[in-house]
Amino acid sequence: MTKAFHYTGLTLGYLLKTAILIVFVFPFLWMISTSLQTYRETLSYPPTLMPAVPQWINFAQAMSAGPFLTYFKNSAVVTLAIIAIQLLVMIPAAYAFAKYRFPGKNLLFGLVLLAFMIPGQVTFIPVYLMMADWGIAKTLLPQIIPFMSNAFGIFLLRQYFMQIPEEIVEAARLDNAGEFRIMRKIMVPMSMPALATIALFSFVSHWNDYFWPLIMTDAESIRPLTLGIAMLRETEGISNWHIIMAGNVVLVIPILLVYLFCSKQIVKAFVYSGIK
Amino acid sequence: MASIEFVRVSKAFDKQEVIKDLNLTIEDGKFTVLVGPSGCGKTTLLRMIAGLDPQTSGSVLIDGKDVTRIAPGKRGVAMVFQNYAIYPTMSVRENIEFGLVNNKVGKAEREELVESIGKAVGLSDYLDRKPSTLSGGQRQRVALARAMVKKPSVFLMDEPLSNLDAKLRVQMRIELIELHKKLGTTFVYVTHDQVEAMSMADKIVLMNKGVIQQEAPPDTMYRRPSNRFTAQFIGTPPMNIGELGAGGIKYGFRPESAVLSEVQGDEPFSVRGVIATREMLGSETIYQVRSDSGNFMVKRSEDLFAAGQEVFVGVAAEKLHFFGEDERRIEEKQGAYRDYLEALRGRSHG
């Protein structure tokens, strides 16, 4: 009786997991499948999952539909610059919030949390106006500057830093290490999992960002990949789903690569293991 | 090598004063142990020397020089922490080397130093391991090596042995004594364990509630405690204390100073009682004797009595201590001492 119950539970568990897996993976499979189909196949009913002959040419077509190398470069520059600047701002900020005592600390940290809670929609227009005023509209800067600090990242990293024993920092001070050296040699290496997680989240959200570049860019030369791919629809007049999906596959590949690179660290972020 | 001096030092945490107007000199090259119950301010003193929590007022002098404005890393002190505070992402070698790199010591010299220190603490085979793969005792050695390699003029240790098991602790105690002998550097060691203090110290500084109770070598501390607190803190079981009667005068004797016998002796202190409990610990036996004058602990190396037995507890005159109303020790040369001794003799009962 209990054995049967056990197996039923196990089976149900697997079924549920499979169901969840399908829900999450299917759109990806659908995207990849569509990217390899002919135009006719994309319209056929019932839909086909496996293309008769994989149409690799779709990728070439998508990439030649616009200055995709420029788009890709723009996306890469913007995203990497954002992450780099965020780390430079975030690490010292989190370190100060976690390991220093100074007047107004709680108030300042409250402001950080407030920044984290304010929805972007509220600030879009003033930021847009500010960027327009500065006369940098024709550069990539308007896509970078508004995201230089990451309130969520500061919050998460501060929590992580707080778990690092005070004595380790004190030992480093007694070892005549300056504060920047302590950050670089002690705090950062000990927080790799948290940093990887924050960097990945940041990467995904800025690599995939569509809305902000859409309102901030008015020239081909500064558009990111997301806009380029969205424009695949318009340039062709009709919806060439196979081409759009090919573009999307290209868009997603870097995210998968970054995830593969970070996944081990990210898992660790949730299983902190210190040294007694 | 350096002496350390506290001059009218006070320390407050969030307006709560834990140390007030404290003066203390720690002698150059000596093994000084700061001991006391938790919260007595001993670690606070240590951290002031290190510069980790500077004093609120007063000054701390290392080798005659006021170090108030000198950063922890530049004071020439090294510290071993209770939880070792080893850098977990660095190898043992990098841990030991970190201070040297920060002090811009050349690579060749660094390597030589790390190798020789590694050998000295028995970590030669582990230099390229990560601390997480080491045992507690080995981590302790890494922490020691890290401190030693900088050749500091002062070694600060904050309960470094409390995370080790009992056996290893005894072994490390001996190693620390030897280390001190070899280096001849000033050691300041904080512990709440009076056995550690007695076994290692050249001089013990006993503290309670931020106030120094007594500074003395271990034997003086044991034989001539300057007040009731010291008397009861040092020694296990603690000293027996009884009321002498009027004037708040108290007498005391150590459990190991008392003799037990079946017939009354002629000691100045002699009371009849019944053995309430008997703890046979192997080399010694601890009796709790219940008498009309109170309960007394008696520690004897021979095991002659059983629980429930009626005995006489006797203490020789030179083993008796008297404490005044202010809890201070009453010295033998003080006039009243003889009177108290007589008063005690008068109270003896058979």
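Note that the structure is predicted; figures quoted are calculated from it, not measured.

> Tell me what's going on with the overall build of chain A, and back it up with residues and numbers.
Within chain A one finds 14 helices and zero strands. A globule of 276 residues ought to have a C-alpha radius of gyration of about 19 Å, yet chain A, at 24 Å, is considerably larger. Taken along the three principal axes of its C-alpha coordinates, chain A extends 75 × 70 × 35 Å. Counting over 276 residues, chain A shows a buried share of 32%.

> Can you break down the overall build of chain B residue by residue, with the values?
Across its full length, chain B holds nine helices and 18 strands. With respect to the principal axes defined by its C-alpha atoms, chain B has extents near 75 × 45 × 35 Å. Of all 350 residues assigned to chain B, the portion counted as buried reaches 41%. Contacts in chain B between residues far apart in sequence, at least 24 positions, make up 63% of those at least 6 positions apart.

> Give me the lowdown on the nonpolar core, citing residues and values where you can.
Membership of the largest hydrophobic core comes to 105 residues, with the highest contact counts inside it found for Ala94(A), Leu157(A), Ile49(B), Leu156(B) and Val188(B). In terms of residue count, helix α4 (residues 68-99) of chain A provides more of this core than any other element does, 10 residues in total. Discounting chain neighbours no more than four positions away, the residues touching Ala94(A) are Ile154(A), Leu157(A), Arg158(A) and Phe161(A). Val271(B), Val311(B), Phe322(B) and Phe323(B) belong to the second-largest nonpolar core, a separate cluster that totals 21 residues.

> Tell me about the packing of helix α2 (residues 92-102) of chain B against helix α4 (residues 136-148) of chain B, and name the residues and values.
Residue and element names in this part refer to chain B. Across the interface, α2 lies against α4 with an axial gap of 8 Å and an inter-helix angle of 30 degrees. One finds that α2 runs roughly parallel with respect to α4. As for the relative orientation of α2 and α4, their crossing is right-handed in sense. Along the contact surface, α2 presents Val92, Asn95, Ile96 and Gly99, while α4 presents Val142, Ala145 and Arg146. Within the contact of α2 with α4, the residues separate by chemical class into four nonpolar, two polar and one charged.

> Give a detailed account of the environment of Ser116(B), specifying residues and quantitative values.
Tracing the chain through its elements places Ser116(B) in helix α3 (residues 107-120). The spatial distance from the C-alpha of Ser116(B) to the C-alpha of Ala145(B) is 9.8 Å, given a sequence separation of 29 residues.

> If you had to explain the interface of chain A and chain B to someone new, which residues and values would you point to?
Each partner contributes to the interface: chain A provides 17 residues, whereas chain B provides 21 residues. At the level of elements, α9 (166-174) and α10 (179-190) of chain A are the ones that each hand at least two residues to the side of chain A that touches chain B. Broken down by element, the side of chain A that touches chain B gets its largest block of residues, six residues, from α9(A). Broken down by class, the residue content of the side of chain A that touches chain B amounts to nine nonpolar, two polar and six charged.

> With reference to specific residues and values, describe α9(A).
Buried residues dominate α9(A), accounting for seven of its nine residues. Listed in full, the buried residues belonging to α9(A) are Ile168(A), Val169(A), Glu170(A), Ala171(A), Ala172(A), Arg173(A) and Leu174(A). Those residues of α9(A) that are buried lie in contact with α4 and α10 of chain A together with α1 (42-50) and β6 (77-80) of chain B. Directly after α9(A), the chain includes Asn176(A), whose backbone phi takes a positive value near 65 degrees.

> Which residues make up the pairing of strand β14 (residues 269-280) of chain B, and what are the values?
Residues and elements named next belong to chain B. Bridging between β14 and strand β17 (residues 310-315) involves six bridges; their strand directions are antiparallel. Each residue of the ladder has a partner; that of Phe269, found in β17, is Val315. Judged from the seven bridges that link them, β14 and strand β15 (residues 285-291) form a sheet pairing that is antiparallel. Bridge pairing in β15 places Ile275 opposite Val289.

> Just give me the short version of the domain arrangement of chain B, but keep the residues and values in it.
Domain assignment breaks chain B into domain 1 (4-223) and domain 2 (236-347). On a C-alpha basis, the centroid separation for the pair domain 1 of chain B and domain 2 of chain B is 38 Å.

> I'd like a description of the sheet that holds strand β2 (residues 16-26) of chain B, backed by residues and values.
The pairing of strands in a sheet comes from backbone hydrogen bonds and takes either a parallel or an antiparallel form. Residues and elements named next belong to chain B. Across the sheet, four strands lie side by side as β2-β1-β4-β5; this open sheet has antiparallel pairing. Each end of this open sheet is capped by a strand with a single partner; those strands are β2 and β5 (65-66). Bridging between strand β1 (residues 4-13) and strand β4 (residues 57-62) involves five bridges; their strand directions are antiparallel. Bridge pairing links Ile4 to Ile62 in β4. Here α1 sits on the sheet in contact with β1, β2 and β4, set at roughly 115 degrees to β1.

> I'd like a rundown of unusual backbone geometry, residues and numbers included.
With an omega dihedral of -5 degrees, the bond running from Tyr45(A) to Pro46(A) counts as a cis peptide bond. Following the sequence through the fold, Pro46(A) ends up in the loop between α2 (39-43) and α3 (57-64). Of the consecutive residues Thr236(B) and Pro237(B), the connecting peptide bond is found in the cis state with omega at -15 degrees. Residues other than glycine seldom take positive phi values, yet Asp21(B) does so here, at roughly 45 degrees.

Quick notes on the rules
Residues numbered from 1 in each chain as written. Chains lettered and ligands numbered in written order. Predicted model: local features only at pLDDT ≥ 70, side-chain atom pairs only at ≥ 80, totals over all residues. Helix = DSSP H or I, 4+ residues; strand = E, 2+ residues; numbered from the N terminus. Rg over C-alpha atoms; globule rule 2.2 N^0.38 Å. Buried ≥ 20, exposed ≤ 12 C-beta atoms within 10 Å, placed from the backbone. Contact = placed C-beta atoms within 7 Å. Core = buried A, V, L, I, M, F, W, Y, C linked by C-beta atoms within 7 Å. Axes fitted to C-alpha atoms, helices over the stretch in contact; angles between N-to-C directions. Parallel < 35°, antiparallel > 145°, perpendicular 65-115°, else oblique. Left-handed = near helix turned anticlockwise from the far one by under 90°. Nonpolar A, V, L, I, M, F, W, Y, C, P; charged D, E, K, R; others polar. Pairing = 2+ DSSP bridges. Domains from an automatic or database assignment.

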